[in-house]
Amino acid sequence: DVQVALDDPSISGIALVIDSPGGEVNGVGEFAKAVYEARGVKPVTAFVSGMAASGGYWIAAAANEIVVSDESLLG
């Protein structure tokens, strides 16, 4: 979906909604790298609505900006 958003000229930015306690790490590094590289093309904002732990935080940290709700937990 990130690549689809990058390829679509009508999309000016990408928002990632993250709510993850972490867990399986397979593929997280590759996805975080894709997010990091995407921010060189379009702005990427990670919104944490609940939790961004472990792999969830890794992905959020690759974005241009992290926005959190008052109740969010990160780490």
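The present account deals with the structure reproduced in this document. (Residues numbered from 1 in each chain as written. Predicted model: local features only at pLDDT ≥ 70, side-chain atom pairs only at ≥ 80, totals over all residues. Heavy atoms only, no water.)

## Focus: the overall build of the chain
This is how it is decided: Put simply, DSSP marks the helices as runs of H or I at least four residues long and the strands as runs of E at least two long, and each gets a number from the N terminus on. Based on C-alpha atoms, the radius of gyration is set beside the globule rule, defined as 2.2 Å times the residue count to the power 0.38. Using a 1.4 Å probe on the protein chains alone, a residue whose accessible area is under 20% of its type maximum counts as buried, one over 50% counts as exposed, and one in between counts as partly exposed. What makes two residues a contact is simply this: any of their non-hydrogen atoms within 4.5 Å. In these tables, accessible area is a Shrake-Rupley quantity obtained with a 1.4 Å probe, and a residue counts as shielded only by the protein chains included in the view.
Looking only at helices and strands, the chain has three helices and four strands in total. Secondary structure of the chain in N-to-C order comes out as α-β-α-β-α-β-β. The C-alpha atoms of the chain give 12 Å as radius of gyration, which agrees with the globular expectation for 75 residues (11 Å, within 12%). With the C-alpha coordinates of the chain rotated into their principal frame, the extents come out at 35 × 30 × 15 Å. Within the chain, the proportion of its 75 residues that are buried is 35%. Within the chain, contacts between residues at least 6 apart in sequence are counted, and of these 58% link residues at least 24 apart. As displayed, the chain has an accessible area near 4600 Å², and 56% of this comes from carbon and sulfur atoms.

## What to know about the nonpolar core
Here is the rule we go by: Each nonpolar core is a collection of buried residues, namely Ala, Val, Leu, Ile, Met, Phe, Trp, Tyr and Cys, held together in the definition by side-chain atoms within 4.5 Å.
Ranked by size, the top nonpolar core spans 18 residues in total, and within it Ile 14, Leu 16, Ile 18, Val 35, Ala 38, Val 44 and Ile 59 carry the most contacts. Counting only elements with at least two residues in this core, the list comes to α1 (2–7), β1 (14–20), α2 (28–38), β2 (44–52) and α3 (55–61).

## Notes on a nonpolar patch on the surface
Here is the rule: In this scheme, patches are assembled from residues that exceed 30% relative accessible area and form no salt bridge. Like charges are connected within 9 Å, while nonpolar side chains (Val, Leu, Ile, Met, Phe, Trp, Tyr) are connected within 5 Å. Only one rule defines a salt bridge in this text: a Lys or Arg side-chain nitrogen within 4 Å of an Asp or Glu carboxyl oxygen.
Together, Tyr 57, Ile 66, Val 68 and Leu 74 give the surface a local cluster of nonpolar side chains, amounting to about 290 Å² of exposed area. Residue position: Leu 74 is located in strand β4 (residues 73–74).

## Notes on the pairing of strand β3 (residues 65–68)
Here is the rule we go by: Whether two strands pair depends on DSSP finding at least two bridges between them. A clockwise course of the path from the first strand over the helix to the second, judged with the strands pointing away from the viewer, identifies a crossover as right-handed.
Bridge count for β2 against β3 is four bridges, and the pairing is parallel. From the neighbouring strand, Phe 47 faces β3, where its bridge partner is Val 67. Each parallel crossover has a hand, and the one from β2 via α3 to β3 is right-handed.

## Observations regarding the pattern of salt bridges
Tallied over the full model, the rule gives one salt bridge. A salt bridge links Lys 33 to Glu 37; its shortest N-O distance comes to 3.9 Å. Taken together, the positions of Lys 33 and Glu 37, both in helix α2 and four residues apart, correspond to about one turn of that helix. For Lys 33, a relative accessible area of 52% translates into the label exposed.

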